[in-house]
Amino acid sequence: WEGSIRTAGMIKWPGRIEPDVTNGMFSTMDFMPTFAGFVGAEMPTDRPIDGVDQSAWLLGEQETSNREHLLTFIGGDLVAVRWRHYRIYLQEVVPSGSGYVRMGGTQASRIPKNGYPLVFNIEADPREEHDTGPTESWVVGKYLPFVMKALVAALREFP
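Attention here is on the structure that accompanies the text. (Residues numbered from 1 in each chain as written. Predicted model: local features only at pLDDT ≥ 70, side-chain atom pairs only at ≥ 80, totals over all residues. Heavy atoms only, no water.)

A word on the side chain of glutamate 136
Line of reasoning, step 1. Summarising the element assignment, glutamate 136 is placed in the loop between β7 (118-121) and α3 (138-157).
Line of reasoning, step 2. No salt bridge is formed by the buried glutamate 136; its nearest oppositely charged neighbour, arginine 84, is found at 12 Å.
Line of reasoning, step 3. If we ignore the near neighbours within four places in the chain, the residues touching glutamate 136 are Tyr86 and Asn121. (Helix = DSSP H or I, 4+ residues; strand = E, 2+ residues; numbered from the N terminus. Buried < 20%, exposed > 50% of the residue type's maximum accessible area, 1.4 Å probe, protein only. Lys, Arg positive; Asp, Glu negative; His and termini not counted. Salt bridge = Lys/Arg side-chain N within 4 Å of Asp/Glu carboxyl O. Contact = heavy atoms within 4.5 Å.)

The following block contains the structure:
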């Protein structure tokens, strides 16, 4: 479903980062702010930066990741939200045309879910085969605040 975004990662820095196994969330967008944090560099403030500094977490100075959610876009469309161990799809990506939103390649169309998104518990169902939306609909209300904060606020500041 999410194009292999959720993958295992490894970081080795002897004497600085201790060996550990965690399910904490780390995005590829977090590398630049994290490396800046390692060396004490300032991040630009004249543009939106989607990554967050994860240096304290990797160095063992805090127990959890600084990332609790991740927004996924196809072009300019928000298609999914990851929140903790849930993945919420606002649009369903299907491999053949259905007349909604055309795309090239294998992702030929996207169908908006019209308020009934797909919800997957990706720890219990890593292959995202069982929509838990009907039984865990409370999850839908949890992603709205960071969509408003992370997306709408950024668009207001950086149109």
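Let's pick the thread back up.
Re α3
Line of reasoning, step 1. Along its 20 residues, α3 runs 30 Å from first to last C-alpha, staying within 8% of the 28 Å computed at 1.5 Å per residue.
Line of reasoning, step 2. Along α3, the helix axis deviates most sharply at valine 147, where the bend reaches about 30 degrees.
Line of reasoning, step 3. Turning to α3, its buried residues number three or more, namely Val139, Val140, Tyr143, Phe146, Val147 and Leu151.
Line of reasoning, step 4. Looking at the buried residues of α3, the elements they touch are β1 (69-74), β2 (77-83), β3 (86-89) and β7. (Expected span 1.5 Å × (residues − 1). Bend = angle between axes of the 7 residues up to and from the residue.)

Points about the packing of aromatic side chains
Line of reasoning, step 1. Under the defined criterion, the tally for this structure stands at eight aromatic pairs.
Line of reasoning, step 2. Aromatic pair tryptophan 13 and phenylalanine 38: ring centres 4.9 Å apart, planes at 75 degrees, arrangement edge-to-face. Highlighted residues: tryptophan 13 in the segment before α1 (31-39) and phenylalanine 38 in helix α1, separated in sequence by 25 residues.
Line of reasoning, step 3. On the basis of relative accessibility, which here comes to 30%, the residue tryptophan 13 falls in the partly exposed class.
Line of reasoning, step 4. Seen in terms of ring centroids, tryptophan 83 and tyrosine 86 are 6.1 Å apart; in terms of plane orientation they differ by 15 degrees. Their pairing is stacked.
Line of reasoning, step 5. Tryptophan 83 sits in the buried class, given a relative accessible area of 5%.
Line of reasoning, step 6. By relative accessible area, tyrosine 86 is classed as buried at 4%.
Line of reasoning, step 7. An aromatic cluster is present here, built from Trp13, Phe26, Phe31, Phe35 and Phe38 joined pairwise through their rings.
Line of reasoning, step 8. The ring of tryptophan 13 is capped by arginine 16, whose NZ or CZ atom sits 4.7 Å from the centre of that ring. (Phe/Tyr/Trp six-rings, centres within 6.5 Å; stacked < 30°, edge-to-face > 60°. Lys NZ or Arg CZ within 6 Å of the ring centre and 35° of its normal.)

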